[in-house]
Amino acid sequence: MSRADDANQRWARMLAGWAIPETLTATAPASPYFFDPTVFTRAADEALEREDDTLSDAVAREALPRGGTALDVGVGAGAASLRLDAARIIGVDPNRELLDAFIARAGRIGTSHTVVEGTWPDIAVQTDVVDVAVCHHVAYNVADLADFARALTEHATRRVVIELTAVHPMSWLSPYWMAIHNLGQPDRPVADDAIAVLEALGYVPRQERWTRAIQMIGETGDEQLARIARRLCLGPDRHDELKRVVDAQPPPIEREVVTVWWDR
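Colleague: Can you help me understand unusual backbone geometry in this one?
Modeller: With glycine set apart, most residues show a phi of negative sign, and most peptide bonds adopt trans. A cis amide bond links W120 with the next residue in sequence, P121, at an omega value of 5 degrees. Within the secondary structure, P121 is located in the loop between β3 (112-117) and β4 (130-136). The residue after R188, namely P189, is reached through a cis peptide bond having omega 5 degrees. As for its position among the elements, P189 is in the loop between α7 (174-181) and α8 (191-200). Not every positive phi belongs to a glycine, and D85 is a case in point at roughly 65 degrees. Following the sequence through the fold, D85 ends up in the loop between β1 (69-73) and β2 (88-93). A residue is classified by how much of its surface remains accessible, and D85, at 61% relative accessible area, is exposed. Despite not being glycine, C233 shows a phi value in the positive range, around 65 degrees. By the element assignment, C233 lies in the loop between α9 (224-231) and α10 (239-248).

Written out as structure tokens, the structure is:
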């Protein structure tokens, strides 16, 4: 087995440890696996309104030539790419509703755009090569990170930029799983494990860590408690119990993220 295969399989095994036990999902009142599209549209709107670049924005913009093109994998509504001033953006996402949101925002600011509906890297063959590829907060959903990263690299002539949380994005729920279900959660993989896969592939990734406001996938707003309960496979009958736990240890308001990039 090659070093890359070993690192990739290790990543996949660690990710698999985050699966919710079937004993809980079988009796859950609703699927704990869900997301709120408004989280992604809000993130895109905030990115377009922001005066200053984030670190990930700056790293991508640095490599983007005048009149350059960008690929955004897991584009959502365009938070990672629309503010880069690319002449053309290819947005890839499996969710049609989010692609439509990206199209609307790209049209609003006059950015030429193309969308490809599907899962990366399955639809990579349908995607043009660009100058810079960006991918924000997708890595922890990808079991085969090596193939994912290879396809990104093959589609960027200048640079690939990935943003991911320093630890698994659902780690903040770990105290609640223990308090409610006496269920411990894994402590891996972390961003360093993803970087190990990239290095094993022969890339030379650079990284920088920084802090940003937490971007949850549907656990904020007026229905926060109900949505956290859904993540934990709980029905309304246990909301009071969960509220006591959450009041004792409120959800975080910010998290450490890592910008990782490598050049071609």
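After that view of the structure, there is still more to cover.
Colleague: Would you mind going over the sheet that holds strand β5 (residues 156-165) with me for this structure?
Modeller: Two pairing modes exist for strands in a sheet, parallel and antiparallel, and in both the strands are linked by backbone hydrogen bonds. As summarised here, the arrangement of the 7 strands in space is β3-β2-β1-β4-β5-β7-β6, forming an open sheet in which the pairing is mixed. Of all the strands in the sheet, just β3 and β6 (206-213) have a single pairing partner and so form its edges. Averaged over all adjacent pairs, the angle separating strand axes in this sheet is 20 degrees, with direction ignored. Pairing of β1 with β2 involves 5 bridges; the strand directions are parallel.

Criteria and thresholds
- Residues numbered from 1 in each chain as written.
- Predicted model: local features only at pLDDT ≥ 70, side-chain atom pairs only at ≥ 80, totals over all residues.
- Heavy atoms only, no water.
- Helix = DSSP H or I, 4+ residues; strand = E, 2+ residues; numbered from the N terminus.
- Buried < 20%, exposed > 50% of the residue type's maximum accessible area, 1.4 Å probe, protein only.
- Pairing = 2+ DSSP bridges.
- Axes fitted to C-alpha atoms, helices over the stretch in contact; angles between N-to-C directions.

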